[in-house]
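Chain residues, written in single-letter form:
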Amino acid sequence: MSIEESEVVGRKIFGNRYQLAKLFSENILKNSTENFEKFKMPEPEYLELRAEIIGYFGEILYQNPEIVYESVCNWSRKAANQTVAFGISLTQSLRIVSLFRLIIWEIFTEELEQNRISCKTMVQISQQYDRLIDAIFKITGEIHEKHNLSLVESTFTELKELSVPVVPISKGIAVLPVIGSIDNDRAKMIMQVSLNESIRLDIQYFILDLSGVSMIDSLVANSLFQIVNTLKLIGVEVVITGISPTIAQTMTRVGLNFNLIKVSSSLENALLDLGFKHVTV
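*Asks:* Give me the lowdown on the overall build of the protein, citing residues and values where you can.
*Replies:* Of regular secondary structure, the protein possesses 11 helices and five strands. Burial status across the protein gives 42% buried among its 281 residues. Residue pairs at least 24 apart in sequence account for 77% of intrachain contacts in the protein once pairs closer than 6 positions are excluded. With the model as given, the accessible surface of the protein reaches about 15,500 Å², and the carbon-plus-sulfur share is 55%.

Have a look at this one:
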């Protein structure tokens, strides 16, 4: 690569980075159905970001390539986190990045037409730029993927918590109606929510209603027994209601001692035992 040729073009790109950034914004409006205005990202903020990366595209032609490459990687992380913060999708972000080539190559087309740069130098510069663009794509994708996974995990946790609703009945009494299957993860969630809510609501009697559960395995049966023992340690008396014959067989098979667990045939009977009375209208 001709050092003189590439340095002249590189310094030209760096020196005009803000003008090129504005031109970049105009190209976004021409080539994209969306723009950052709808995402409320301030104009000066993303203009500065664009000018910065365009400057690096200039510096790569006359500065230490590895130092510039590292700067581009840092920029990519910063810019990708900005797009995440302002709700810009990965697809839109990558579409915007791809427009950098249009802006940069407009400059090189002029240089070629004026015979100020050789085709050989152009090919070598292109290899440098491809490496930078690939790094931007890779880092942007990784950060968006990490963010999306975080959202999925957060939503999943919220859904699990919603599947464990503790219902206060009166002062010191609460019911946790469990509906559907119970796996090991949900059993852990029942343990966590039961403890937290028992302490928060100052519960004395905690009714665990299993009438909506058709079956459990031995691992979950042991987990339920641990829940009862753990709540006892903080002074909460647990009553399990709605145990089906299948669940009872599983609990017996794993050796759980029903003498250590207070059991009632139904939620209604458990409430009656705690002093609630039928009210007739």
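That covers the picture; the talk isn't over yet.
*Asks:* Outline helix H4 (residues 65–85), listing residues and values.
*Replies:* The terminal C-alpha atoms of H4, which comprises 21 residues, lie 30 Å apart, in line with the 30 Å expected from a rise of 1.5 Å per residue. By the burial criterion, the buried members of H4 are Val68, Val72, Cys73, Trp75, Ser76, Ala79, Ala80, Gln82, Thr83 and Val84. Where H4 begins, one side-chain oxygen reaches toward the backbone nitrogen of glutamate 66, 2.9 Å away; that side chain belongs to asparagine 64.

*Asks:* Go over unusual backbone geometry with me, naming the residues and quoting the values.
*Replies:* Of all residues except glycine, most have a negative phi; of all peptide bonds, most are trans. At aspartate 202, a position not held by glycine, the phi torsion is positive, near 55°. Along the chain, aspartate 202 falls in the loop between helix H8 (184–200) and strand S3 (205–212). A relative accessible area of 54% places aspartate 202 in the exposed class.

*Asks:* Would you mind going over the side chain of serine 194 in detail, with residue names and values included?
*Replies:* Position of serine 194 relative to the elements: it lies in helix H8. Owing to a relative accessible area of 0%, serine 194 belongs among the buried residues under this scheme. Those residues within four positions of serine 194 in sequence are excluded, and the remaining contacts are Leu176, Phe206, Ile227 and Leu231.

*Asks:* Tell me about the environment of valine 167, residues and numbers included.
*Replies:* Its location among the elements puts valine 167 in strand S1 (residues 167–170). You can call valine 167 partly exposed: its relative accessible area is 36%. For the pair formed by valine 167 and phenylalanine 206, sequence separation is 39 residues and the distance between their alpha carbons is 9.8 Å. When neighbours within four sequence positions are excluded, valine 167 is seen to be in contact with Ile173, Ala174, Val175 and Pro177.

*Asks:* So what about a nonpolar patch on the surface? Which residues, and what values?
*Replies:* Among the surface-exposed residues, Ile199, Leu233 and Ile234 lie close enough to one another that they form a single nonpolar patch of about 350 Å² accessible area. Positionally, isoleucine 234 belongs in the loop between helix H9 (218–233) and strand S4 (237–241). In this structure isoleucine 234 comes out as partly exposed when scored by relative accessible area, which is 40%.

*Asks:* Go over the confidence of the model for the protein with me, naming the residues and quoting the values.
*Replies:* For the protein, per-residue confidence averages 81 on the pLDDT scale, and 85% of positions sit at 70 or higher. Least confident of the elements in the protein is helix H6 (residues 100–113), whose mean pLDDT is 71; most confident is H4, at 93.

Each value, and the rule that gives it
- Residues numbered from 1 in each chain as written.
- Predicted model: local features only at pLDDT ≥ 70, side-chain atom pairs only at ≥ 80, totals over all residues.
- Heavy atoms only, no water.
- Helix = DSSP H or I, 4+ residues; strand = E, 2+ residues; numbered from the N terminus.
- Buried < 20%, exposed > 50% of the residue type's maximum accessible area, 1.4 Å probe, protein only.
- Contact = heavy atoms within 4.5 Å.
- Areas by Shrake-Rupley, 256 points an atom, 1.4 Å probe, with all protein chains shown as cover.
- Expected span 1.5 Å × (residues − 1).
- Polar contact = N/O pair within 3.5 Å; in protein donor to acceptor, adjacent residues only side chain to side chain.
- Patch = residues over 30% accessible without salt bridge, like charges linked within 9 Å, V, L, I, M, F, W, Y side chains within 5 Å.
- Salt bridge = Lys/Arg side-chain N within 4 Å of Asp/Glu carboxyl O.
- pLDDT = per-residue confidence, 0-100.

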